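Understanding the architecture of this molecule
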Amino acid sequence: MEIMASISIASVSIPNWQRDSDVQLRVYPLASFEAADGAIVAQGNPSQDQTVAGNFYTAAACTLSGTTLTIGALTLESTTDSLDNPAATYGAFFYTAEGEQICPFGKFSNFVLPAAPTSTTWAAIELAQAGTL
């Protein structure tokens, strides 16, 4: 039986978006770790640096309709069952398409990603943070 470490996060809509319209969500591993399935997840650097060369993150497309921003679904490796660094965290930040950081995504500037369930939502991830950080 293969150990699964990939977690699918459902798309979500944010009402009353007041920022840039050319936006994407970038999720950075804030520390390197080996996922339960053996995949190596390299640390990224959420910064104002406009270049993406040599930086590691997972991007989710965002669309703006009126003042509602919809963040697309994405898949990340779980952190809590890491083979070498179960304290590893991610950070989620909004960026312009040109690579300028806009702001952190709510309470997700530093979060762990549990191994279960394998399909989740941002709201469930927020609930899972209680007592873990």
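Scroll up a little and you will see the structure.
What comes next is a walk through the structure. (Residues numbered from 1 in each chain as written. Predicted model: local features only at pLDDT ≥ 70, side-chain atom pairs only at ≥ 80, totals over all residues. Heavy atoms only, no water.)

Before going further, it helps to spend a moment on the nonpolar core. Ranked by internal contacts, the top residues of the largest apolar core, which has 30 residues, are Leu25, Val27, Phe94, Phe105, Phe111 and Trp122. Of all the secondary-structure elements, those providing two or more residues to this core are strand S1 (6–9), strand S3 (23–29), strand S6 (58–65), strand S7 (68–71), strand S8 (74–77), strand S9 (90–96), strand S10 (101–104) and helix H1 (122–128). Filtering out sequence-adjacent residues up to four positions away, valine 27 remains in contact with Tyr57, Thr58, Leu74, Leu76, Tyr90, Gly91, Ala92, Phe111 and Trp122. (Core = buried A, V, L, I, M, F, W, Y, C linked by side-chain atoms within 4.5 Å. Buried < 20%, exposed > 50% of the residue type's maximum accessible area, 1.4 Å probe, protein only. Helix = DSSP H or I, 4+ residues; strand = E, 2+ residues; numbered from the N terminus. Contact = heavy atoms within 4.5 Å.)

Read across the sheet, three strands follow the order S8-S1-S11 without closing on themselves; strand pairing throughout is mixed. The open sheet has two free edges, formed respectively by S8 and strand S11 (119–120), since each of these has just one partner strand. Relative to S8, S1 runs antiparallel, the two sharing four bridges. Looking at the pairing, isoleucine 9 lines up with leucine 74 of S8. (Pairing = 2+ DSSP bridges.)

Time to look at the side chain of serine 78. Turning to its location among the elements, serine 78 is positioned in the loop between S8 and S9. Given a relative accessible area of 0%, serine 78 falls into the buried group. At 2.5 Å, the side chain of serine 78 and the side chain of aspartate 81 are in polar contact. (Polar contact = N/O pair within 3.5 Å; in protein donor to acceptor, adjacent residues only side chain to side chain.)

Glancing now at the sheet that holds S6. One open sheet accounts for six strands, arranged S2-S7-S6-S3-S9-S10; its pairing is antiparallel. Single-partner strands in this sheet number two, and they are strand S2 (12–14) and S10. This sheet shows a mean twist of 30° between the axes of neighbouring strands, independent of strand direction. Pairing of S2 with S7 involves three bridges; the strand directions are antiparallel. For valine 12, the partnering residue across the bridge sits in S7 and is isoleucine 71. (Axes fitted to C-alpha atoms, helices over the stretch in contact; angles between N-to-C directions.)

Glancing now at the environment of asparagine 110. The topology assignment puts asparagine 110 in the loop between S10 and S11. In this structure asparagine 110 comes out as partly exposed when scored by relative accessible area, which is 36%. Along the backbone, asparagine 110 and phenylalanine 93 are 17 residues apart, and their C-alpha atoms lie at a distance of 10.0 Å. Here the side chain of asparagine 110 touches threonine 89 through a polar contact of 2.7 Å, side chain to side chain.

Let's shift gears to the pattern of salt bridges. The full count for this structure, using the stated rule, is one salt bridge. Two residues, lysine 107 and glutamate 126, come together in a salt bridge whose shortest N-O distance is 3.1 Å. Linking lysine 107 in the loop between S10 and S11 with glutamate 126 in helix H1, this pair joins segments that are 19 residues apart in sequence. A residue is classified by how much of its surface remains accessible, and lysine 107, at 62% relative accessible area, is exposed. (Salt bridge = Lys/Arg side-chain N within 4 Å of Asp/Glu carboxyl O.)

With the rule as written, the count across this model stands at 12 aromatic pairs. Judged by centre distance (6.0 Å) and plane angle (85°), the ring pair of phenylalanine 33 and tyrosine 90 falls under edge-to-face. Pair noted here: phenylalanine 33 is in strand S4 (residues 33–34) and tyrosine 90 is in strand S9, with a separation of 57 residues, a long-range link. The pair phenylalanine 33 / tyrosine 90 is uniform in exposure class, with both members buried. An aromatic cluster is present here, built from Trp17, Phe33, Tyr90, Phe94, Phe105, Phe108, Phe111 and Trp122 joined pairwise through their rings. (Phe/Tyr/Trp six-rings, centres within 6.5 Å; stacked < 30°, edge-to-face > 60°.)

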